[in-house]
Amino acid sequence: MESTKEEQNNIRLYPIYKMLSWDLLFYYSIIFLFLTQVKGISAADVLLAESAYPIFKFILLIPLTALITKIGKRNSLIMANGINAISIFCYIVAQNFTYILIGQFLSAIAFVIKGVAETNLLYDNLPKDEKRGAKFSKIDGQGLSWYYYADAIASILSGFLYIINGYFPLILCLICCIISTFLAFKFKRTGKKETVEEIHFKTYIKDLKHSFKYMLQSNRLKYLLLFGAIFSGLLSVLITLRSGILEQMGVSEQYFGVIFAIFGIISGISAKNQDKVHNRYRNKTLGVLAVPTTISCIVTGFMVLGKFSFQVTLILVLTMFFIQYVARGPFYTLIRRYLNNFTTSSLRNKITSSYNLVESVARAMIGLFASWLLRITQASNAVMVIGCIATIAVVLLLDKMSSKVGLKPEEYEKREIEFLEIK
């Protein structure tokens, strides 16, 4: 089937839209500095607000999916990008912690809608033929790669702009959100029936109960679920703690953007090569990613507290950050791959829902613990304590997992795979 003019317009527009709206530009490399230095919000409160974000997203999933079904994906994306702009405005005018919490709540609304509607909108506009999946991957991938290039440039600029005026990067972030809202208006209605799957509360809870019951009967899935949630929570909290570490060391603000832009590119390269990482380390992959990351946290805290020269400390701390970003890249793809191994298609959505819930709770709990630590000590001490606890937890889990995860299909107990379909 040939595409209509409206569908061709949407396909051409999508990569440009994704470049500007997949995530926030001019934001992540300086938001910690902006909130703590310009707005006077404590680092502990910044982490506390960020810990509420995954909980907000989980709570909002069902009602917002129903809303997308009712008003359509185009209108939903217009609303989501507009709400994103309002959330950034909340940070710009923030006078206290409440403003930051409201901003996180609005951001959760925006990204739940965008997560459901964006890729579905593209898929709906592609011709229904045997090349549909390949075309989707190519167009979506193009938009994502453009975003990473734009993000690297924006991160570098934001650090230098922050020195001139702390508000400049957030104002540019706000402008990008407004442009994304305008681009969402440019998507055309095609007249096709939309394909958003409506989620009903009772069905959703029933599926969660069923999937948790199944997963608890499987040692493999149980340990993967716990390991993935803990490590994901650690990676999440490190985003803020790394900024706190650099600030504590006295690194000039203009270099924050450069540092995180470079590491973001490194993370992207490692994510692209996640299959090579898996093929090389096989059932040791999770350990190879997690243990160096947790130990790097301990080394980071020790180096900042030690009486070393600034140059030596900076080089070693950045080396530890490098380890963390290399591990971060492939982890998110690989953990979902391992969870989905040996499963039937009907179970994958249930397993994903369960993992998303546990991951959200873990991120919130680890974030709250980090927030408490920052109230009583410095970022270097906080990252060292979290690193010690995480190392113990990861090593114990890996020891338990050695005989239950990463085995060949014939090596699992019969009850582990009797309801499964080998991929």
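Sequence order sets the numbering: in each chain, residues are counted from 1 along the sequence as written. Totals for whole chains, interfaces and linings use every residue, but because this is a predicted model, local features are given only for residues with pLDDT of at least 70 and side-chain atom pairs only at 80 or more, for both listing and counting. Neither water nor hydrogens contribute to the side-chain values; these are computed over all heavy atoms in the structure.

Peer 1: Go over the state of the cysteines, please, and point to the residues and values.
Peer 2: Only a pair of cysteine sulfur atoms within 2.5 Å counts as a disulfide in this structure description. What the rule picks out here adds up to zero disulfides. The cysteine Cys388 is free of any disulfide, with Cys297 supplying the nearest cysteine sulfur at 9.4 Å. For Cys388, a relative accessible area of 34% translates into the label partly exposed. Note on exposure labels: buried denotes an accessible area under 20% of the residue type's maximum, exposed denotes more than 50%, and partly exposed covers the range between, all computed with a 1.4 Å probe on protein chains only.

Peer 1: Describe the side chain of Asp45, listing the residues and the values that go with them.
Peer 2: For Asp45, the location among the structural elements is in helix 3 (residues 43-71). Setting aside chain neighbours within four positions, we find Asp45 in contact with Phe97, Ser371 and Arg375. Secondary structure elements follow DSSP: runs of H or I of four or more residues count as helices, runs of E of two or more count as strands, with numbering from the N terminus. For this analysis, residues touch if any pair of their heavy atoms sits within 4.5 Å.

Peer 1: Please set out the confidence of the model for the protein residue by residue, giving values where relevant.
Peer 2: The pLDDT score gives, residue by residue, the confidence of the prediction method on a 0 to 100 scale. Per-residue pLDDT for the protein has a mean of 82; in total, 83% of the residues score no lower than 70. Mean pLDDT values over the elements of the protein span from 53, in helix 16 (residues 414-417), up to 93, in helix 7 (residues 168-186).

Peer 1: Any details on the nonpolar core? Residues and values, ideally.
Peer 2: Formed by 110 residues in total, the largest nonpolar core has its most connected members in Ile88, Leu170 and Leu241. No other element matches helix 9 (residues 219-249), which puts 14 residues into this core. Filtering out sequence-adjacent residues up to four positions away, Ile88 remains in contact with Leu24, Tyr27, Leu170, Cys173, Leu174 and Cys177. Here the nonpolar core consists of buried residues drawn from Ala, Val, Leu, Ile, Met, Phe, Trp, Tyr and Cys, with membership extended through side-chain atoms lying within 4.5 Å.

Peer 1: Describe the pattern of salt bridges, naming the residues involved and giving the relevant values.
Peer 2: A pair is scored as a salt bridge if a Lys or Arg side-chain nitrogen falls within 4 Å of a carboxyl oxygen belonging to Asp or Glu. Evaluated as defined, the whole model comprises one salt bridge. Between Asp45 and Arg375 there is a salt bridge whose closest N-O contact spans 2.5 Å. Of the two residues, Asp45 is situated in helix 3 and Arg375 in helix 14 (residues 345-376); the sequence distance between them amounts to 330 residues. By relative accessible area, which is 19% here, Asp45 ends up buried. Here Arg375 falls in the partly exposed class, since its relative accessible area comes to 45%.

Peer 1: Tell me about the environment of Gly250, and please be specific about residues and values.
Peer 2: Of note, Gly250 is situated in the loop between helix 9 and helix 10 (254-272). Since its relative accessible area comes to 51%, Gly250 is described here as exposed. When the C-alpha atoms of Gly250 and Phe310 are compared, they prove to be 9.1 Å apart, with 60 residues separating the residues in sequence.

Peer 1: Give me the packing of helix 2 (residues 31-38) against helix 9: which residues, what numbers.
Peer 2: One can describe the packing of helix 2 onto helix 9 by two numbers: an axis separation of 9 Å at closest approach and a directional angle of 60°. Taken as axis vectors, helix 2 and helix 9 run oblique relative to one another. As for how helix 2 packs across helix 9, the hand of that crossing is right-handed. The segment helix 2 lies against helix 9, with Phe32, Leu33, Thr36 and Gln37 engaging Thr240, Ser243, Gly244 and Glu247. Three residue categories are used. Nonpolar comprises Ala, Val, Leu, Ile, Met, Phe, Trp, Tyr, Cys and Pro, charged comprises Asp, Glu, Lys and Arg, and polar comprises the others, including Gly. Counted by class, the contact of helix 2 with helix 9 contains two nonpolar, five polar and one charged residues. A fitted line through C-alpha atoms serves as each axis, taken over the contacting stretch for helices, and the angle formed by two N-to-C directions is quoted from 0 to 180°. We call two directions roughly parallel when the angle between them is under 35 degrees, roughly antiparallel when it is over 145, roughly perpendicular when it lies between 65 and 115, and oblique otherwise. Note: crossing handedness is left-handed where the near helix turns anticlockwise from the far helix by less than a right angle, and right-handed where it turns clockwise.

Peer 1: Before we move on, could you go through the side chain of Ser371 and cite the residues and values that matter?
Peer 2: Within the secondary structure layout, Ser371 lies in helix 14. Residues within four places of Ser371 in sequence aside, it is in contact with Ala44, Asp45, Leu47 and Leu48.

Peer 1: Break down unusual backbone geometry for me, citing the residues and quoting the values.
Peer 2: Its identity is not glycine, yet Phe26 carries a phi of approximately 60°, on the positive side. Topologically, Phe26 is positioned in the loop between helix 1 (5-21) and helix 2.

Peer 1: Explain helix 3 to me, using residue names and the numbers behind them.
Peer 2: How far a helix is expected to stretch is found by multiplying one less than its residue total by 1.5 Å. Between its first and last C-alpha atoms helix 3 spans 39 Å; for 29 residues at 1.5 Å apiece the expected length is 42 Å, and the two agree. Taken as a whole, helix 3 carries its principal kink of about 50° at Leu61; the proline Pro63 stands between one and four residues after it. The first or second residue beyond helix 3 is Gly72, which carries a positive phi of 90°. Bend at a given residue is defined as the angle between two axes, one fitted to the seven residues that end at that position and one fitted to the seven that begin there.

Peer 1: Now, about a nonpolar patch on the surface: what can you tell me, with residues and values included?
Peer 2: The residues that make up patches have over 30% relative accessible area and no salt bridge, and they are joined within 9 Å when like-charged or within 5 Å when they are Val, Leu, Ile, Met, Phe, Trp or Tyr. Where accessible areas are quoted, they stem from the Shrake-Rupley method and a 1.4 Å probe; at the residue level, only the protein chains shown are allowed to cover. A surface patch of nonpolar side chains, amounting to about 430 Å² of accessible area, comprises Ile164, Phe168, Ile171, Ile175 and Ile179. For the nonpolar patch, the leading source of residues is helix 7, giving four residues. Tracing the sequence through the fold places Ile179 in helix 7. Exposure remark for Ile179: the relative accessible area of 36% places this residue in the partly exposed category.

Peer 1: So what's going on with the packing of aromatic side chains? Which residues, and what values?
Peer 2: Note on aromatic pairs: the rings of Phe, Tyr and Trp (six-membered ring only in Trp) are paired at centre separations within 6.5 Å, and the planes decide the class, stacked below 30 degrees, edge-to-face beyond 60, tilted for the rest. Counted according to the given criterion, the structure contains 14 aromatic pairs. Taking 5.4 Å as the distance between ring centres and 70° as the angle between the ring planes, the aromatic pair formed by Tyr17 and Phe187 counts as edge-to-face. On the criterion of sequence distance, the pair formed by Tyr17 in helix 1 and Phe187 in the loop between helix 7 and helix 8 (201-217) is long-range, its members being 170 residues apart. A relative accessible area of 1% places Tyr17 in the buried class. Between the aromatic rings of Phe231 and Phe331, the centroid separation amounts to 4.8 Å while the plane-to-plane angle is 85°, which identifies the pairing as edge-to-face. Of this pair, Phe231 sits in helix 9 while Phe331 sits in helix 13 (residues 310-340), and the two are 100 residues apart along the sequence. Like Phe331, Phe231 is buried. Grouping aromatic residues by their ring pairs yields a cluster made of Tyr27, Tyr28 and Tyr91.

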